[in-house]
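Tertiary structure, described
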Amino acid sequence: MKHFLDINATETGELKNIISEAHRIKAARAGRPKGALDDEKPLDGHMVALIFEKPSTRTRVSFDVGVRQMGGETMVLSGSEMQLGHGETVADTAKVLSRYVDMIMIRTFEEATLLEMAEYADVPVINGLTNRSHPCQIMADILTYEEHRGSIEGKKVVWAGDGNNVCASFLHAAGQFGFDLTFTGPEPLDPEMAFVEEARAKGVNVEIVRDPVKAVEGADLLVADTWVSMHDAPSARERRHNLLRPYQINDELMAHAKPDALFMHCLPAHREEEVTNSVMDGPQSVIFDEAENRLHAQKAVMRWCLGK
Ligand code: CP
Ligand code: NVA
């Protein structure tokens, strides 16, 4: 059994195998009703706990549907309703859950909670987003890029906005999948420098460019995310909006990238804030493919975790 904690904590070869599996898994059930079981049922008899300490639409539904399509069952738990949210230690929770379920997916605040869960669980633990990273999202994004444009290796990805948890997983992926990443955003919201250096050490070009127009020159993919994440204080909203407004992805900015550049957003989006409706709903946007691909990519991740 293996944990899926982060893209930079998983070997490149393994990541590439997971993506190939995701392509295969998706193709194998093309055209079927969503509720139909897969031909292969690797999770038959398996129970998966899905723990949410933060809200979710895509992660919750895609994991739940994915487990069922593979023949397993799920239990969706909200952190606040568990003893976890009322003082029971993460370690004790991990040991108890391991007696009941075959795998744990957790969306939480502090990365330390995820790591403690993984340390003490006897079953695989999957990172469904922390304040620091969101690896399942970027696995789906790599799958999506490959479907539209082929290999992402050597391409130029531009992240515009807040150097947040999703940006961190893109930086991890840059190093592992071999693509260049340009961050364009205000200095106070730069990504973690350790992640920038780690990607650079793997031989990819990671740049920080303050001018968004210069940043997107030659870009194959532009990516945006919310300006205020779930872990950010609501009181920080106005300051963040003021800092990030110049980094909105709109038609004018898209026009400075390559003509066939794609646009991605993990969703949920705040339309007309970090991205305009015209880009979200325009011909270069692949946002709903990304959302769909959460399902297929995570099925491949779960099979990898269980060695199935
Ligand atoms: N992109 C993503 O993780 O969406 P949810 O917050 O809806 O799960
Ligand atoms: N950066 C966002 C991603 C949501 C999927 C957040 O953490 O709220």
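One can find the structure itself at the top, above this paragraph.
Here is a short report on the structure shown in this document.

Lining the immediate surroundings of ligand 1 are S56, T57, R58, T59, R107, H134, Q137, C266, L267 and R294. For ligand 1, a nitrogen atom lies 2.8 Å from a polar atom in the backbone of L267. About the coverage of ligand 1: the protein hides 96% of its 260 Å² of free accessible area. The residue makeup of the shell around ligand 1, split by class, is two nonpolar, five polar and three charged.

Take the sheet that holds strand β2 (residues 73-78) next. Pairing within the open sheet is parallel, and its four strands lie in the order β2-β1-β3-β4. Only two strands of the sheet have a single partner each, and these edge strands are β2 and β4 (125-127). The average undirected angle you get between the axes of adjacent strands in this sheet is 20 degrees. Looking at chain direction, strand β1 (residues 47-52) and strand β3 (residues 103-107) are connected through five bridges and run parallel. Note that in β3 the partner of F52 across the bridge is R107. Helix-sheet contacts for helix α4 (residues 111-120) involve β1, β3 and β4, and the interaxial angle to β4 is about 165 degrees.

Moving on, we come to the sheet that holds strand β7 (residues 206-208). Taken in spatial order, the five strands line up as β7-β6-β5-β8-β9 in an open sheet, and their pairing is parallel. Only two strands of the sheet have a single neighbouring strand rather than two, namely β7 and β9 (262-265). Each strand axis lies, on average, 20 degrees off the axis of its neighbour in the sheet, ignoring direction. As paired elements, strand β8 (residues 221-224) and β9 share four bridges and run parallel to each other. Looking at β9, one finds that V223 is bridged to M264.

What helix α3 (residues 90-100) keeps buried is the set V90, A91, T93, A94, L97 and S98. Down the axis of α3, the sector holding all buried residues measures 160 degrees, keeping them to one side. Of the exposed residues in α3, those oriented more than 90 degrees away from the buried face are R99 and Y100. Buried positions along α3 lie against β1, β3 and α4.

Moving on to the pairing of strand β6 (residues 180-184). Most of β6 is tucked away, with four of its five residues classed as buried. Both strand β5 (residues 156-160) and β6 contribute to a ladder of five bridges, which runs parallel. Bridged to V157 within β6 is L181. As a crossover connection, the stretch from β5 through helix α6 (residues 165-177) into β6 is right-handed. In the sheet, β6 pairs with β7 via three bridges, with the strands oriented parallel. Following the sheet pairing, T182 is matched in β7 by E207. Handedness of the crossover joining β6 and β7 through helix α7 (residues 193-201): right-handed.

Calculation notes
- Residues numbered from 1 in each chain as written.
- Chains lettered and ligands numbered in written order.
- Predicted model: local features only at pLDDT ≥ 70, side-chain atom pairs only at ≥ 80, totals over all residues.
- Heavy atoms only, no water.
- Near = heavy atom within 4 Å.
- Polar contact = N/O pair within 3.5 Å; in protein donor to acceptor, adjacent residues only side chain to side chain.
- Areas by Shrake-Rupley, 256 points an atom, 1.4 Å probe, with all protein chains shown as cover.
- Nonpolar A, V, L, I, M, F, W, Y, C, P; charged D, E, K, R; others polar.
- Pairing = 2+ DSSP bridges.
- Helix = DSSP H or I, 4+ residues; strand = E, 2+ residues; numbered from the N terminus.
- Axes fitted to C-alpha atoms, helices over the stretch in contact; angles between N-to-C directions.
- Contact = heavy atoms within 4.5 Å.
- Buried < 20%, exposed > 50% of the residue type's maximum accessible area, 1.4 Å probe, protein only.
- Arc of directions from axis to C-beta.
- Right-handed = clockwise from strand over helix to strand, strands pointing away.

None of the figures reported here should be taken as evidence of function without further support.
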